[in-house]
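One letter stands for each residue in the lines below.
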Amino acid sequence: MLYSSQINKNTNEDPKTLVVFGDLMLLPDNVLWDVLKKAASNKGILPEDAGLMADNVFFWPKWNPNSKYDTGNSNYVEPDVFFRFRNVDVIVEAKYSDNRGQDKEEWEREFKAYLNEYEDDKKNVVLLAVGGNPTFEREPVIRVDKHKCPIVKYSWVSLLSAVLAFEKNEFSVIQDNKQSSMKRLIRKIESDFQNIGIHKYYKKVELKGLSNLYTLGLVFQSAISREEELYTLSYSKEYMNSVHYGYHFVVTPKDGRRKPIRLSIAIWIDEQEEIGIEARYGDSWAEKLCKQIDEGKRFSSKYAAKPYSDSNSYYFDVTDRFKKEFSEAETFDAQVDLVSKLIDDVCLYYLK
């Protein structure tokens, strides 16, 4: 924090960037690279071996905007972090939010400015887009003349998750005389993530003013990681854009008479941060089910309201009863139970 204050970088994202990457840079080189690979939403882009990292890590370097490659900036181009391994250079562009703010034109400006500074080094380079990604779809490689720069997307949550995965799975392979110092460092990283609002703990979710999605994702994960008498639930994927964060899953009936159906439980960020269930329009079951409801067949649910549709999807909004009980739930487990019942209300209607 002190460094960001000294150079007048106290906007929301800058202290957050300094805390996270300042901590990560304390990890051994191979551990840091493994964390970056595991946390990446776009797998297979980062090279397998980055080599040793150079001593210098640059926060908010000011690069030449127009010596050979014109970026359109007049004074300088300023990525958030720049660091160098033996085999690859790494540019970091970070945004405070986990779901909006990244800009492809900004990525291109930073790559051009990087070439103005380091083209003669003839290094491979990647740009890490941390936070601010409306989706995690793979982006086209940025190309400037013969040079190219792939984009790797991250959420702040994915970085914490990769650190926790290392803590869980890798301590056993570290020599005993190094474990205590590594454990202290990992605890510090986890604590610093918590201090900036990214939690590993199973705490009650406060939807109003939601600033990160990690604990909510744990609620969704826990509500889906279960098997019922009539069906099984299985994770499919997570999806995020500027409007909502969705946890997609498949419902497979056990009787074999009905086809599996696809649903997503989502937080609608721009609509008073409310939870709802989405059924894609392309699934014939959803269209048929909602048509039956529209024709007057009863939809009885404590927690899911009668669905409505737009051009792409059907939506089961939550009822006022769900909102009240979710907000009044005193524990994480109680919130998981409510989300499970919400999912079951929709699934059981389909199975009746």
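For the structure itself, look to the data block above.
Every value quoted in this text rests on a predicted model; they were computed, and no experiment measured them.

The rules we used
Residues numbered from 1 in each chain as written. Predicted model: local features only at pLDDT ≥ 70, side-chain atom pairs only at ≥ 80, totals over all residues. Heavy atoms only, no water. Helix = DSSP H or I, 4+ residues; strand = E, 2+ residues; numbered from the N terminus. Expected span 1.5 Å × (residues − 1). Buried < 20%, exposed > 50% of the residue type's maximum accessible area, 1.4 Å probe, protein only. Contact = heavy atoms within 4.5 Å. Polar contact = N/O pair within 3.5 Å; in protein donor to acceptor, adjacent residues only side chain to side chain. Pairing = 2+ DSSP bridges. Salt bridge = Lys/Arg side-chain N within 4 Å of Asp/Glu carboxyl O.

Undergrad: Which residues make up helix α4 (residues 104–118), and what are the values?
TA: With 15 residues, α4 should cover 21 Å at 1.5 Å per step; its first-to-last C-alpha distance of 21 Å lies within 8% of that length. Among all positions of α4, only E106, W107, E110, F111, K112, A113, Y114, L115, N116 and Y118 are buried. Elements that come into contact with the buried residues of α4 comprise β2 (81–85), β3 (89–94), β4 (125–130), β5 (142–144), β6 (147–149) and β7 (151–154). Two or three places before E105, at the start of α4, stands the capping residue D103, its side-chain oxygen 3.0 Å from that residue's backbone nitrogen.

Undergrad: Tell me what's going on with the side chain of N133, and back it up with residues and numbers.
TA: Tracing the chain through its elements places N133 in the loop between β4 and β5. A distance of 3.1 Å separates a polar side-chain atom of N133 from the backbone oxygen of Y154.

Undergrad: Talk me through the pairing of strand β10 (residues 261–268); I want residue IDs and the actual numbers.
TA: Most of β10 is tucked away: 7 of the 8 residues are buried. In this sheet, β10 lies alongside strand β9 (residues 244–253) in antiparallel orientation, the contact comprising 8 bridges. Residue pairing for β10: Y247 is matched across the bridge by I265.

Undergrad: Help me get a handle on the pattern of salt bridges, residues and values and all.
TA: Opposite charge on two side chains lets them pair, provided their charged atoms get close. Per the counting criterion, the structure on display carries 22 salt bridges. Between K112 and E108 there is a salt bridge whose closest N-O contact spans 3.5 Å. Of the two residues, K112 and E108 are both situated in helix α4; the distance of 4 residues between them amounts to about one turn of the helix. Since its relative accessible area comes to 33%, E108 is described here as partly exposed. D320 is the salt-bridge partner of K323, the closest N and O atoms lying 3.7 Å from each other. Here the residue K323 and the residue D320 both occupy positions in helix α9 (residues 320–328), the gap between them amounting to 3 residues, near one helical turn. Accessibility expressed as a relative area gives 32% for K323, which makes it partly exposed. What makes D320 exposed here is its relative accessible area of 60%. Here the salt bridges share partners, and the residues they tie into one network are R84, D89, D121 and K123.

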